[in-house]
Amino acid sequence: MEEKIRTAVQDALAHEGAGAAAFVVERPGEAAHGDYTTNAAMVAAKQLGQNPRELADSLARRIQDALGADVERVSVAGPGFINITLSNAAVGFAIAEADAQGEAWGKGSALSGQRVSFEYSNPNAFKEMHVGHLMGTIVGEALSRLLENAGAKIIRDTFGGDVGPNVAKALWALKKDGVTEPDSAKQIGEAYAAGSKAYEDDAAAHEQIDALNQDIYAGNDAALMELWQKGREVSMRAFRHLWQRLGTKFDYELFDSDTGESGKRLVGDGLKKGIFKESDGAIIYDGEEKGVHTMVFITSHGTPTYEAKDLGLAFLREEKIPNDRVIIVTGNEQTGRFKTVLAALGELAPNVAAKTEHVATGFLRLTSGKMSSREGNVITGEDIMNDLVARASEKNPDPLIAEPVAVGALKFMVLRQAPGQDIVFDPGKSLSLEGDSGPYLQYALVRAAKLLSYSSEDAGGGEAPREPYAVERVILHYPEVAARAARELAPNLLASYLLELASAWNAFYASEQVLGSPEEEYKLRVARAFANTMANGLHALGIPAPERM
RNA sequence: GCCCUCGUAGCACAAUGGAUAGUGCAGCUCACUCCUAACGAGCCGAUCCAGGUUCGACUCCUGGCGAGGGCACCA
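Keep in mind the model is a prediction, meaning the values are calculated, not measured.

Student: Kindly report on the domain arrangement of chain A, identifying the contributing residues and their values.
Tutor: Under the domain assignment, chain A is made up of domain 1 (2-86) and domain 2 (118-366). Here the C-alpha centroids of domain 1 and domain 2 sit 50 Å apart.

What follows is the structure, encoded as structure tokens:
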């Protein structure tokens, strides 16, 4: 419908000689202003030097003619807005589609045929997953699904850190304690904290850890490599468990250790071409003239940094995962780093760099102060999940309900905010399960599902209301919102829409008797349309939908 | 010192250069023998400061104040 209106506006503008005007068709902030609004007259009036109200009047007439029976009213308001109110028939048609299409309702085709390689969550083996990792996992999964909903084929991968100084720190502490069979992520997390502390406080330990780091790269010490292998597996098991709880499954788990060598080679080749240069024994990318940070790619010890490994990964991905587009999701503290990596990649492989984009998620900050895995005061992903499950259980102890409610609460808190913004989280107060929240959306859907389960095949009451219900006018916008959220990589747009949808449904539910009413048949169709919309919207964000609450 | 984000009610967040700046929490009313109250109806309350651009600025520009992050061998 939005497309139809856009075309009508475009044609009307062209007729006035302002075909190039950059107008928007949007949903007005207030329902009283209709179903759609456009600023086309105000934008074009500027270009043409005309009075916006007069231009709006003539545009409105053309738009009304073009849309015919789809519109009830096209009116001009304020400084020159053209407001469009759909006819009851057009609203009814949209609701019937939402009802009939089921899971297909709201699926788009904007990205049909496009293969998108998504990288997110990027765990550091040998470090526990803390709350910050939840952000990347949740946002990455939601973006993947949004693009999937827009027709793209998604291939998920995660790029874990399994070599480098941080790994050496954990292994050093494990060795010191004589551990040969690490058995929990917690144990490894503590070893990492102990190793980090020793690295700073103890000069001898500092040297040992640096040497250990070299040994890991070299890979010749069989006992060490076995411990490394086992430690990594224990860490990854913990990460996989959390991913499963969060509804994420990766097609590829890639590691630093897979890309270090190729990264070094690439930087070496780049050095010959003058893309990189030597400085104090290290190989760096001098980004100053390009406006990005200068960074070390190969250390003076000859080991590749994460930057070099990222370059290696870009090439490895091209081999393993054919794609048209690459999206990498990380915390926003890495934004500057990625600018440098992409600038360097742009010189090594312009076509790869051109289709690669970096998306930053915000930081999960605690009101109680900073977390540090070195200090050992981290809150892990599992800690938050378990706390939420406990709280959800107060209302419904069934784990089949409490778990998805907890996951929904967490995910919604993250996804409702504009991407890249930090989230302030108060571990004392924890998460709200009421008001604007995941459970609010889930509950609205549960109510609708329950209502529908009571209805019989031969619904009575064939009357129709004089005007469509407010919730219907929200439902009909779902496909546009989902498409825009995918286009702008902005899950929060869909999240706020679903909030509004749930609110409209709950108001309808509170004020209208459905079963046994004169409009029963009509209202049940609205309920089915709502349920499909909410279910599809939650699915597109990766938020689970419990059957009961 | 340089670079990047950000600053909206007591708190947490929305708002493509558009209409009376939206929502939730907290507080105060109201509503519950009726399809699930993790619900509904209402009240209270905000754009950091100073300039500028514009018919129109939370949004863009300049300066200031404040917060967070990044800036050579960590990831």
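Student: Kindly report on the packing of helix α5 (residues 131-149) against helix α15 (residues 399-415), identifying the contributing residues and their values.
Tutor: The angle between the axes and the distance between the axes are what describe a pair of packed helices. One way to put it is that α5 packs onto α15 with a least axis distance of 10 Å and a crossing angle of 80 degrees. By the angle class used here, α5 and α15 are roughly perpendicular. Along the contact surface, α5 presents L134, M135, I138, V139 and A142, while α15 presents L410, K411, V414 and L415.

Student: Which residues make up unusual backbone geometry, and what are the values?
Tutor: Positive phi, close to 80 degrees, is recorded for S121, a residue that is not glycine. Summarising the element assignment, S121 is placed in the loop between β5 (115-119) and α5. With phi around 75 degrees, F126 is a residue other than glycine that occupies positive phi space. Counting through the fold element by element, F126 comes out in the loop between β5 and α5.

Student: I'd love a proper account of helix α3 (residues 52-67), names of residues and values included.
Tutor: The end-to-end C-alpha distance of α3 is 22 Å, a good match for the 22 Å that 16 residues give at a rise of 1.5 Å each. Along α3, the residues that are buried comprise P52, L55, A56, L59, A60, I63 and L67. With its buried residues spanning 135 degrees around the axis, α3 presents them on a single face. Residues of α3 that are buried in the fold lie against α1 (2-16), α2 (40-48), β3 (71-77) and β4 (81-86).

Student: Give me the protein's contact with RNA strand B: which residues, what numbers.
Tutor: Looking at RNA strand B, there are 80 residues lining it, with E26, D280, T299, G435 and Y443 nearest. Among the residues making up the surface near RNA strand B, the classes are represented as 34 nonpolar, 32 polar and 14 charged.

Student: Describe in detail the pairing of strand β9 (residues 282-285), supporting the description with residues and values.
Tutor: Bridge analysis of strand β8 (residues 277-279) against β9 gives 3 bridges, and the strand direction is antiparallel. Its bridge partner being in β9, E278 is matched across the sheet by I283. In this structure, β9 lies alongside strand β10 (residues 295-298), joined through 3 bridges in antiparallel fashion. Bridging from a neighbouring strand, Y285 pairs with M295 of β10.

Student: Explain the environment of K107 to me, and be specific about the residues and the numbers.
Tutor: Here K107 shows up in the loop between α4 (88-101) and β5. For K107, a count of 16 C-beta atoms within 10 Å puts it in the partly exposed group. K107 sits 42 residues away from N149 along the chain, and the two C-alpha atoms are 5.2 Å apart.

Student: Help me get a handle on the nonpolar core, residues and values and all.
Tutor: Residues L59, I82, I475, L494, F530 and M534 are the most contacted members of the largest nonpolar core, which totals 140 residues. With 11 residues, the top contributor of residues to this core is helix α20 (residues 520-541). Membership of the second largest hydrophobic core comes to 20 residues, among which are L254, A314, F338 and V341.

Student: An account of the sheet that holds β3 is needed here, citing residue identities and associated values.
Tutor: One open sheet accounts for 4 strands, arranged β1-β2-β4-β3; its pairing is antiparallel. What marks the edges here is a single partner per strand, and that holds for β1 (25-26) and β3. In the sheet, strand β2 (residues 36-38) pairs with β4 via 3 bridges, with the strands oriented antiparallel. Looking at the pairing, T38 lines up with I82 of β4. The sheet strands contacting α3 are β3 and β4, and the helix crosses β3 at an angle near 170 degrees.

Student: Account for the sheet that holds strand β11 (residues 325-331), with residues named and values stated.
Tutor: Taking strand neighbours across the sheet as the criterion, the 5 strands line up as β7-β6-β5-β11-β12 in an open arrangement whose pairing is parallel. Each of the sheet's edge strands pairs with one partner strand only, and the pair in question is β7 (252-255) and β12 (356-361). Taking each pair of neighbouring strands and ignoring which way they run, the sheet shows an average axis angle of 25 degrees. Both β5 and strand β6 (residues 153-160) contribute to a ladder of 5 bridges, which runs parallel. Counted as the bridge partner of E119 is D157 from β6. Contacts from α5 reach β5, β6, β11 and β12, with the element oriented near 155 degrees to β11.

Student: Residue-level account of the pairing of β6, with values.
Tutor: Along β6, 6 of the 8 residues are buried, which leaves the element largely enclosed by surrounding structure. The β-α-β motif built from β5, the intervening α5 and the parallel element β6 has right-handed crossover chirality. Sheet topology places β6 next to β7; 4 bridges connect them, and they run parallel. Bridge assignment links D157 to a residue of β7, and that residue is Y252.

Student: Help me get a handle on the confidence of the model for chain A, residues and values and all.
Tutor: Taken as a whole, chain A shows an average pLDDT of 91; of its residues, 96% reach a score of 70 or greater. Confidence, read as mean pLDDT per element, is least for strand β13 (residues 364-366) in chain A (71) and greatest for β5 (97). Both confidence scores are given for the complex: pTM 0.94, ipTM 0.95.

Student: Before we move on, could you go through α4 and cite the residues and values that matter?
Tutor: For α4, with 14 residues, the first-to-last C-alpha span of 20 Å sits near the 20 Å given by 1.5 Å per residue. Considered for burial, the residues of α4 that qualify are A90, V91, A94, I95, A98 and D99. Residues of α4 that are buried make contact with β4, α17 (470-475) and α20.

Rules used throughout
- Residues numbered from 1 in each chain as written.
- Chains lettered and ligands numbered in written order.
- Predicted model: local features only at pLDDT ≥ 70, side-chain atom pairs only at ≥ 80, totals over all residues.
- Domains from an automatic or database assignment.
- Axes fitted to C-alpha atoms, helices over the stretch in contact; angles between N-to-C directions.
- Helix = DSSP H or I, 4+ residues; strand = E, 2+ residues; numbered from the N terminus.
- Parallel < 35°, antiparallel > 145°, perpendicular 65-115°, else oblique.
- Contact = placed C-beta atoms within 7 Å.
- Expected span 1.5 Å × (residues − 1).
- Buried ≥ 20, exposed ≤ 12 C-beta atoms within 10 Å, placed from the backbone.
- Arc of directions from axis to C-beta.
- Near = placed C-beta within 6 Å.
- Nonpolar A, V, L, I, M, F, W, Y, C, P; charged D, E, K, R; others polar.
- Pairing = 2+ DSSP bridges.
- Core = buried A, V, L, I, M, F, W, Y, C linked by C-beta atoms within 7 Å.
- Right-handed = clockwise from strand over helix to strand, strands pointing away.
- pLDDT = per-residue confidence, 0-100.

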